[in-house]
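# Observations on the model geometry
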Amino acid sequence: MKARVHITLKNGVLDPQGKAIHNSLEGLGFDGVEDVRQGKFIEIELADGDTEAAKARVANMCEKLLANTVIENYTVEIES
Amino acid sequence: MSAASAAVIVFPGSNCDRDIAVSLEAALGHAPQMVWHGDSDLPNVDLIAVPGGFSYGDYLRSGAMAANSPIMREVVAQAGRGVPVLGICNGFQVLTECGLLPGVLMRNASLKFICRDVDLRVERNDTIFTRDYGAGDVIRVPVAHHDGNYFTDPDTLKSLEDNDRVAFRYCAPDGAVTQAANPNGSLNNIAGILNEEGNVLGMMPHPERLADPQLGGTDGAPMFTALAEAIAA
């Protein structure tokens, strides 16, 4: 089974990289871009097992290593 | 000459370990022990330094991998017993990631790697790290980082300020704390903070890089003499 983890900056945390991407998009002539926030996407291959247990385990991985919860939120999806 | 012992933690990608060892040796009169990250045994020492560099290539987040290495569990344990811990640059990032210090060092607001001398105001001189400076002194030492933008939640920031846990701030040459003197976007121009007990200091600037006349300045040296005196006492 596969876990997909999205890590995003919390609201209110300044994202200078997102701002730079936003500026570049406008520079390329893409209109109507109101805001850009950048983050991380991590795929984890897991041994098959209970989906809920896997989700809890990956959430624990996020708490301990994958995300810094001072500034980041995370979401976990399990694809079995 | 002091019999006090110091350890410098070395990660793959550390690059200021030798600089800090030389600074400590000059102050202590003997060389610190260099301890490899994979060791789970840290000898009992009187001072631990976590050096600058790019531990584990800054993978995931600066300091994140190093913070979870076996040796850091020992560093956290010894810090809990009151052993002084000094983290510089990447060392500061490691200390925030492992929870010894609050907050996080984010990408510089300019997105640029910044490598130049900066002025720092010494906010307190009643700590084991800063007692050879005067409170309000302005010292000049280099910064060299991409992720030095100190950030934390408003409650933690208030607690740091209310409890005088900011050790150094980026400032103008006259000591004024201004936005123009803030190289990286850090909240309240924070360059270095202490833990609640005052035995752990993390800072982005590099006192060890200006601690010998041959390096062009000695503004960093008092930190190491202060520590040597503190742990010899």
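Cut-off values and rules
Residues numbered from 1 in each chain as written. Chains lettered and ligands numbered in written order. Predicted model: local features only at pLDDT ≥ 70, side-chain atom pairs only at ≥ 80, totals over all residues. Heavy atoms only, no water. Pairing = 2+ DSSP bridges. Helix = DSSP H or I, 4+ residues; strand = E, 2+ residues; numbered from the N terminus. Axes fitted to C-alpha atoms, helices over the stretch in contact; angles between N-to-C directions. Contact = heavy atoms within 4.5 Å. Buried < 20%, exposed > 50% of the residue type's maximum accessible area, 1.4 Å probe, protein only. Expected span 1.5 Å × (residues − 1). Arc of directions from axis to C-beta. Phe/Tyr/Trp six-rings, centres within 6.5 Å; stacked < 30°, edge-to-face > 60°.

### A word on the sheet that holds strand β3 (residues 72–79) of chain A
Residue and element names in this part refer to chain A. Judged by pairing direction, the sheet is antiparallel, and its 3 strands sit side by side in the order β2-β1-β3 without closing on themselves. The open sheet has two free edges, formed respectively by β2 (40–45) and β3, since each of these has just one partner strand. Neighbour to neighbour, the strand axes of the sheet diverge by 20 degrees on average, direction disregarded. As judged from the 6 bridges shared by strand β1 (residues 2–9) and β2, these two strands associate in the antiparallel manner.

### Some points on the sheet that holds strand β4 (residues 85–88) of chain B
All names here are of chain B. One open sheet accounts for 9 strands, arranged β2-β1-β3-β4-β11-β10-β9-β6-β7; its pairing is mixed. A strand with exactly one partner marks an edge of an open sheet, and here the two such strands are β2 (33–36) and β7 (138–145). Here the strands of the sheet are splayed against their neighbours by 25 degrees on average, with no regard to which way each runs. Of the strand pairs in this sheet, strand β6 (residues 114–122) and strand β9 (residues 166–171) are connected by 4 bridges, and their pairing is antiparallel. The residue bridging Val-122 from the neighbouring strand is Phe-168, located in β9. The strands touched by helix α4 (residues 90–97) are β3 (47–50), β4, β10 (190–194) and β11 (200–203); relative to β4, the strand with the most contacts, the crossing angle is about 120 degrees.

### A short note on unusual backbone geometry
In this model, Asp58(B) sits at a positive phi of 60 degrees, which is unusual for a non-glycine residue. Classification of Asp58(B) as partly exposed rests on a relative accessible area of 22%.

### Examining the environment of Asp17(B)
Residue and element names in this part refer to chain B. Position of Asp-17 relative to the elements: it lies in helix α1 (residues 17–28). For Asp-17, a relative accessible area of 15% puts it in the buried group. Separated by 33 residues in the primary sequence, Asp-17 and Val-50 place their C-alpha atoms 7.9 Å from one another. Those residues within four positions of Asp-17 in sequence are excluded, and the remaining contacts are Val-8, Val-10, Met-34 and Pro-51.

### Here we look at helix α1 (residues 16–27) of chain A
Residue and element names in this part refer to chain A. Between its first and last C-alpha, α1 extends 16 Å over 12 residues, near the 16 Å set by a 1.5 Å rise per residue. Taken residue by residue, α1 has Pro-16, Gly-18 and His-22 as its buried positions. Across the axial projection of α1, the buried residues extend over an arc of 155 degrees, all falling on one side. Phi for Gly-29, located one or two positions after α1, is positive at around 95 degrees.

### What about the packing of aromatic side chains?
All names here are of chain B. One pass over the full model with this rule turns up 3 aromatic pairs over all chains. Ring geometry for Phe-92 against Tyr-150: centres 6.2 Å apart, planes inclined by 10 degrees, an arrangement best described as stacked. Of this pair, Phe-92 sits in helix α4 while Tyr-150 sits in strand β8 (residues 149–151), and the two are 58 residues apart along the sequence. Accessibility expressed as a relative area gives 0% for Phe-92, which makes it buried.

### Let's talk about the pairing of β6(B)
Sheet topology note: the β6(B)/β7(B) ladder contains 8 bridges and is antiparallel. Paired with Asp119(B) across the two strands is Arg140(B), which belongs to β7(B).

Note that every value here comes from positions in space, so none of it alone points to a role or purpose.
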